[in-house]
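Fold and contact review
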Amino acid sequence: MPLIAARIYSPEECVERAQALLTVWPSAAEVMRSYTQLIQYQCALLHSQLLSLKGEPGELLENTDFAYFVEQFQEFLKSCEHFEQQNLAQAARAVSAKSRDYLVDVLLQSWTDSDREEQSLELFFARAFWQAVLQSWARECDAPASAAAPSTCPYCGRRPVCGVLRPEGDGAKRSLVCSMCSTEWPYRRLICPNCEQENVEQLPIYSAEQCAYIRIEACDRCRTFIKTIDLTKDGRAIPVVDEIASLPLTLWAEEKGYTKLQRNALLL
Ligand SMILES: [Zn+2]
Ligand SMILES: [Zn+2]
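What you see is a predicted model, and the numbers here were worked out from it, not measured in a lab.

What about the domain arrangement of the protein chain?
- With domains assigned, the protein chain is organised as domain 1 (11-140) and domain 2 (160-260).
- Counting from both sides, the interface comprises 19 residues of domain 1 and, opposite them, 13 residues of domain 2.
- Elements that contribute at least two residues to the side of domain 1 that touches domain 2 include exactly α1 (11-20), α2 (29-44) and α7 (121-140).
- Here the element with the most residues in the side of domain 1 that touches domain 2 is α7; it accounts for six residues.
- Its residues assigned to classes, the side of domain 1 that touches domain 2 comprises 13 nonpolar, four polar and two charged.

Some remarks on α2
- Between its first and last C-alpha atoms α2 spans 23 Å; for 16 residues at 1.5 Å apiece the expected length is 22 Å, and the two agree.
- Listed as buried for α2 are Met32, Tyr35, Leu38, Tyr41 and Gln42.

Remarks on the nonpolar core
- Membership of the largest hydrophobic core comes to 65 residues, with the highest contact counts inside it found for Phe125, Phe129, Leu134, Cys156 and Cys181.
- Element by element, the count of residues in this core is highest for α7, at 11 residues.
- Mapping this core onto the domain boundaries places at least three of its residues in each of domain 1 (11-140) and domain 2 (160-260).
- When neighbours within four sequence positions are excluded, cysteine 156 is seen to be in contact with Pro57, Leu134, Ala138, Cys178, Met180 and Cys181.

Regarding the packing of α1 against α2
- It is the contact of α1 with α2, at a shortest axis distance of 10 Å, that shows an interaxial angle of 170 degrees. Taken together, α1 and α2 sit at an angle that is classed as roughly antiparallel. In contact with Pro11, Cys14, Val15 and Ala18 of α1, α2 contributes Met32, Tyr35, Thr36, Ile39 and Cys43.
- Looking at the contact of α1 with α2 residue by residue, the classes come out as eight nonpolar, one polar and no charged.

Structural notes on unusual backbone geometry
- Residue glutamate 196 is not a glycine yet carries a positive backbone phi of 65 degrees.
- Exposure remark for glutamate 196: the 14 C-beta atoms within 10 Å place this residue in the partly exposed category.
- The phi angle at arginine 223 is positive, at roughly 60 degrees, despite the residue not being glycine.
- Residue class for arginine 223 comes out partly exposed when judged on the 13 C-beta atoms lying within 10 Å of it.

Brief notes about the pairing of strand β2 (residues 171-178)
- Alignment of strand β1 (residues 160-168) against β2, held across eight bridges, turns out to be antiparallel. Looking at β2, one finds that glutamate 168 is bridged to glycine 171.
- Adjacent in sequence and paired antiparallel, β1 and β2 are bridged by two residues, among which glycine 169 carries a positive phi angle near 60 degrees.
- In sequence, β2 turns back onto strand β3 (residues 184-186) through a hairpin of five residues, with serine 182 there showing a positive phi of about 65 degrees.

Observations concerning helix α5 (residues 86-96)
- Three or more residues of α5 are buried, namely Leu88, Ala91, Ala92 and Val95. Each buried residue of α5 lies within a common arc of 105 degrees when the element is viewed along its axis, so the set occupies one face.
- Buried residues in α5 make contact with α2, α4 (66-80) and α7.

Remarks on the pairing of strand β5 (residues 214-218)
- Counting buried residues in β5 gives five out of five residues, a clear majority hidden from the surface.
- Alternating residues of β5 divide into Ile214, Ile216 and Ala218 and Arg215 and Glu217, and every residue in both groups is buried.
- Bridge count between strand β4 (residues 205-206) and β5: two bridges; the pairing is antiparallel. Residue isoleucine 205 lies in a different strand from β5, and its bridge partner there is glutamate 217.
- In this sheet, strand β6 (residues 224-230) lies alongside β5 in antiparallel orientation, the contact comprising five bridges. Across the sheet, the residue bridging to glutamate 217 is isoleucine 226, located in β6.
- Two successive antiparallel strands, β5 and β6, enclose a turn made up of five residues, where arginine 223 displays a positive phi of approximately 60 degrees.

Definitions and limits used
- Residues numbered from 1 in each chain as written.
- Chains lettered and ligands numbered in written order.
- Predicted model: local features only at pLDDT ≥ 70, side-chain atom pairs only at ≥ 80, totals over all residues.
- Domains from an automatic or database assignment.
- Contact = placed C-beta atoms within 7 Å.
- Helix = DSSP H or I, 4+ residues; strand = E, 2+ residues; numbered from the N terminus.
- Nonpolar A, V, L, I, M, F, W, Y, C, P; charged D, E, K, R; others polar.
- Expected span 1.5 Å × (residues − 1).
- Buried ≥ 20, exposed ≤ 12 C-beta atoms within 10 Å, placed from the backbone.
- Core = buried A, V, L, I, M, F, W, Y, C linked by C-beta atoms within 7 Å.
- Axes fitted to C-alpha atoms, helices over the stretch in contact; angles between N-to-C directions.
- Parallel < 35°, antiparallel > 145°, perpendicular 65-115°, else oblique.
- Pairing = 2+ DSSP bridges.
- Arc of directions from axis to C-beta.

Spelled out as structure tokens, the structure:
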């Protein structure tokens, strides 16, 4: 993680946090079970040699024999056949049964088109696969790969899945977390990460009393929102995990007419 001295959370810590949040967000229990399973299947990939590469993502993709990605993706799909959630298990079996050429297409499509709104389940698996790969690559990398716009990830160019407030001096400093590779980079507090407008009157912040450490940061100009996890209020939170568990807040914001800036690993 090149830009912010953010902690890298181990998969075990994420699973533990997900379990702790079941009592806070009981309505997200099924989602969290799928999420903890997904972490385990992504972890199984960590033994593969493609994860220890170092460099800029596009370059690594180009310099690696694509057959190897396909092979690893097939292994990953085999693990995903064990999802408890039946529609996910069935979809994994269906994608597994496809031809090699088909899987190449799915992987390439997901690589270039990971931010699009409507996603099929096969793209869900491909995206989860790339997520594991890119998270490892980003960890190996010491410096940002490209000078991307500040509202997109400096390593892989994807959009942020959530914001974070970390203690700094007497206040808090905001950063954004990449939806794909989990790189965290600094970002100013009073600006919309979608349309970059800075009029505070058009940047309302909402939070629920029972979980004041999660803020819905909305923009009344472009009508998007992003959740920001305030670690000055709850230092035990793991931003990406807490973002997924607080699904009811997402639904609340969507009911108010806002669109989520970027969907998370579970496409929520
Ligand atoms: Zn990234
Ligand atoms: Zn905006």
